[in-house]
Amino acid sequence: MAYTIDRYPCEDSPRLGAMTLHPEPESVPRLRRWFRKFIAPYNPVCSIDDCVLLISELVTNAICHGTSEDPWLVHVEWFRDGTSLRVEVHSPGLPAGVRLRHPDAHDTHGRGLHLVDSLAESWHSGPSRLGGTVVSFVVADAWPA
């Protein structure tokens, strides 16, 4: 695992931090632990627990659904956009595969994006500037105006 924390972001680069993770289940609890440590110095007023849940869902989806014939990594970045927090999860694969599913009551999978849809102000998926797919979400009012 590699990580970067931008302690002094500027207007030209609102990124607060980034992590690069191996596509394995052990990366998810590591991400949760480290994101809490990395975001704490910025004193957000939003629910960190909700943010961690949403990031965990997107990283789990990236690990489960990312595809590449070459070795690959999951890249997570978080940004401050005004008073909002935006988180991006980049992985290989086609953006067309990202969609809200409609699982039956007995299905054990398919609810992650529903959580993101209900807890985040907004979410988006599309082609990643790194290649592959990016899925992002925005938490409004993460910081006071």
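Presented here is a report on the structure given in the accompanying data block. Predicted model only: the values in this text are computed from it and were never measured. (Residues numbered from 1 in each chain as written. Predicted model: local features only at pLDDT ≥ 70, side-chain atom pairs only at ≥ 80, totals over all residues. Heavy atoms only, no water.)

When the charged atoms of two side chains lie near each other, side chains of opposite charge can form a pair. One pass over the full model with this rule turns up seven salt bridges. Between Arg30 and Glu24 there is a salt bridge whose closest N-O contact spans 3.8 Å. Glu24 sits in the partly exposed class, given a relative accessible area of 29%. Arg86 serves as the salt-bridge partner of Glu88, at 2.3 Å between the closest nitrogen and oxygen. Just as Glu88 is buried, Arg86 falls in that class too. Salt bridges here are not isolated pairs; linked through shared partners, they connect Arg15, Glu77, Asp81, Arg86, Glu88 and Arg129. (Salt bridge = Lys/Arg side-chain N within 4 Å of Asp/Glu carboxyl O. Buried < 20%, exposed > 50% of the residue type's maximum accessible area, 1.4 Å probe, protein only.)

Let's shift gears to the nonpolar core. Counting residues in each nonpolar core, the largest one holds 33 residues, and the members touching the most others are Val59, Val76, Trp78, Leu85 and Phe137. Those elements that place two or more of their residues in this core are strand E2 (15-21), helix H1 (27-39), helix H2 (48-65), strand E3 (74-81), strand E4 (84-91), helix H3 (112-119) and strand E6 (133-139). Considering every element that reaches this core, the biggest residue donor is H2, with eight residues. Apart from the residues lying within four places of it in its own chain, the contact partners of Trp78 are Arg15, Leu16, Gly17, Ala18, Met19, Phe35, Phe38, Ile39, Leu85, Arg86 and Val87. (Core = buried A, V, L, I, M, F, W, Y, C linked by side-chain atoms within 4.5 Å. Helix = DSSP H or I, 4+ residues; strand = E, 2+ residues; numbered from the N terminus. Contact = heavy atoms within 4.5 Å.)

The values are spatial; any link to function lies outside them.
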